[in-house]
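A look at the structure
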Amino acid sequence: MRRVLTYGTFDLLHYGHIELLRRARALGDYLIVALSTDEFNAGKGKSAYHNFEVRRKMLEAIRYVDLVIPELNWEQKADDVRRYEVDVVVMGSDWQADERFTAALQGLCELTFLPRTPGVSTSEIKSRLKLPEPDEV
Ligand code: C2G
């Protein structure tokens, strides 16, 4: 059983997310998604439109996703890999050179970066829909 792990916010779920999850799952037999909590997002300077519970439920409805766990901080990745016996961590290519993945997971598991799906992003959707930021509502 080859186990895959990925991290993200997955807000306003779109086909770029689905394409990442589909390709990540295809690299193994079991896909775990570590979903950024609302508190962790605040630390990233991000405010998701949907809260953690809604984002978790949406991910759990996706056929490629086998388990959703919380992403609480930047430092948990090595523990996650050990605890869930992960063989490969998969991220979109925008994380390619990020030490919070490369250094943190060196020698612990494989690390694969997949090309981002062009032309779609949560921030683009929000700006096109002119969704108010939570503090604007
Ligand atoms: N993604 C993609 N193509 C897009 C948009 C996103 O492949 N058009 C990928 C990203 O590269 C990421 C995943 O989908 O691997 C989730 O994207 P986000 O929800 O934006 O996640 P992010 O804010 O990058 O959080 O600890 C790491 C962070 O939690 C990652």
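Residue positions within a chain follow its written sequence, with the count starting from 1. It should be noted that, the model being predicted, local features are given only for residues of pLDDT at least 70 and side-chain atom pairs only at 80 or more, the latter also being counted only at that level, while totals for whole chains, interfaces and linings use all residues. Side-chain metrics in this entry use all non-hydrogen atoms of the structure; hydrogen atoms and water are not considered.

Time to look at the pattern of salt bridges. Where charged atoms from two side chains of opposite charge approach closely, those side chains can pair. Throughout this description, the term salt bridge denotes a Lys or Arg side-chain nitrogen within 4 Å of a carboxyl oxygen of Asp or Glu. This model, assessed by the stated rule, comprises 11 salt bridges. Residues joined by salt bridges that share partners form a network here, namely Glu 53, Arg 56 and Glu 60.

Take the nonpolar core next. Core analysis: the biggest nonpolar cluster contains 16 residues, and Leu 21, Leu 31, Val 33, Leu 59 and Val 65 have the highest contact counts within it. Numbering of helices and strands runs from the N terminus; a helix is a DSSP stretch of H or I covering at least four residues, while a strand is a stretch of E covering at least two. Those elements that provide at least two residues to this core are helix 1 (15–25), strand 2 (30–36), helix 3 (52–60) and strand 4 (88–92). In plain words, nonpolar cores are sets of buried Ala, Val, Leu, Ile, Met, Phe, Trp, Tyr and Cys residues tied together by side-chain atoms within 4.5 Å. Type-normalised accessible area, obtained with a 1.4 Å probe on protein chains alone, sets the label of each residue: buried when under 20%, exposed when over 50%, and partly exposed for intermediate values. Ranked by size, the runner-up nonpolar core spans 13 residues in total, among them Tyr 7, Ile 32, Cys 109 and Phe 113.

A few words now on the site of the ligand. Throughout, the term near means that a residue has one or more heavy atoms lying within 4 Å of the molecule or strand in question. Near the ligand, the surroundings consist of 22 residues, among which Phe 10, Lys 46, Glu 71, Asp 94 and Val 120 are the closest. Under the rule applied, a polar contact is a pair of N or O atoms within 3.5 Å (in protein, one hydrogen donor and one hydrogen acceptor; residues adjacent in sequence only if both atoms are side-chain atoms). Ser 36 has a polar side-chain atom sitting 3.2 Å from an oxygen atom of the ligand. Within the side chain of Lys 44, a nitrogen or oxygen atom sits 3.0 Å from an oxygen atom of the ligand. Residue burial considers only the protein chains on display, and all accessible areas are found by Shrake-Rupley using a 1.4 Å probe. In the complex, 95% of the free accessible area of the ligand, which totals 630 Å², lies under the protein chains. Only protein atoms enter the 1 Å grid used here, on which a cavity is any set of points holding a 1.4 Å probe that cannot leave and a pocket is any open set flanked by protein within 12 Å on both sides along at least five of seven lines; residues with an atom within 4 Å of a point are listed as lining. For this analysis, a molecule is said to be in a pocket or cavity if more than half of its atoms are within 2 Å of the grid points defining it. If you map the ligand onto the pockets, it falls in the largest pocket.

Moving on: the environment of Arg 55. Topologically, Arg 55 is positioned in helix 3. The exposure class of Arg 55 is buried, given its relative accessible area of 0%. What Arg 55 contacts, discounting residues up to four positions off in sequence, is Thr 9, Phe 10, Asp 11, Leu 35, Ser 36, Thr 37, Asp 38, Asn 41, Ala 48 and His 50. Polar contacts involving the side chain of Arg 55 include one to the side chain of Asp 38, which spans 2.7 Å. A polar contact of 2.8 Å, which involves the side chain of Arg 55, links it to the backbone oxygen of His 50. By definition in these notes, contact holds between two residues if any of their heavy atoms fall within 4.5 Å.

The geometry of an aromatic ring pair comes down to the distance between the two centres and the angle between the two planes. Two rings from Phe, Tyr or Trp (for Trp, the six-membered ring) form a pair when their centres are within 6.5 Å of each other. A pair whose planes differ by under 30 degrees is stacked, one over 60 is edge-to-face, and the rest are tilted. Counted according to the given criterion, the structure contains 4 aromatic pairs. Consider the rings of Trp 74 and Trp 95, whose centres lie 5.9 Å apart with planes at 45°: the pair is tilted. Here Trp 74 is found in the loop between strand 3 (67–71) and helix 4 (77–83), whereas its partner Trp 95 is found in the loop between strand 4 and helix 5 (99–105), with 21 residues between them in sequence. On the accessibility criterion, Trp 74 (23% relative accessible area) is partly exposed. With a relative accessible area of 22%, Trp 95 lands in the partly exposed category. Seen from their ring centres, Trp 95 and Phe 101 are 5.4 Å apart, and the 65° between their planes marks the pair as edge-to-face. On the accessibility criterion, Phe 101 (1% relative accessible area) is buried.

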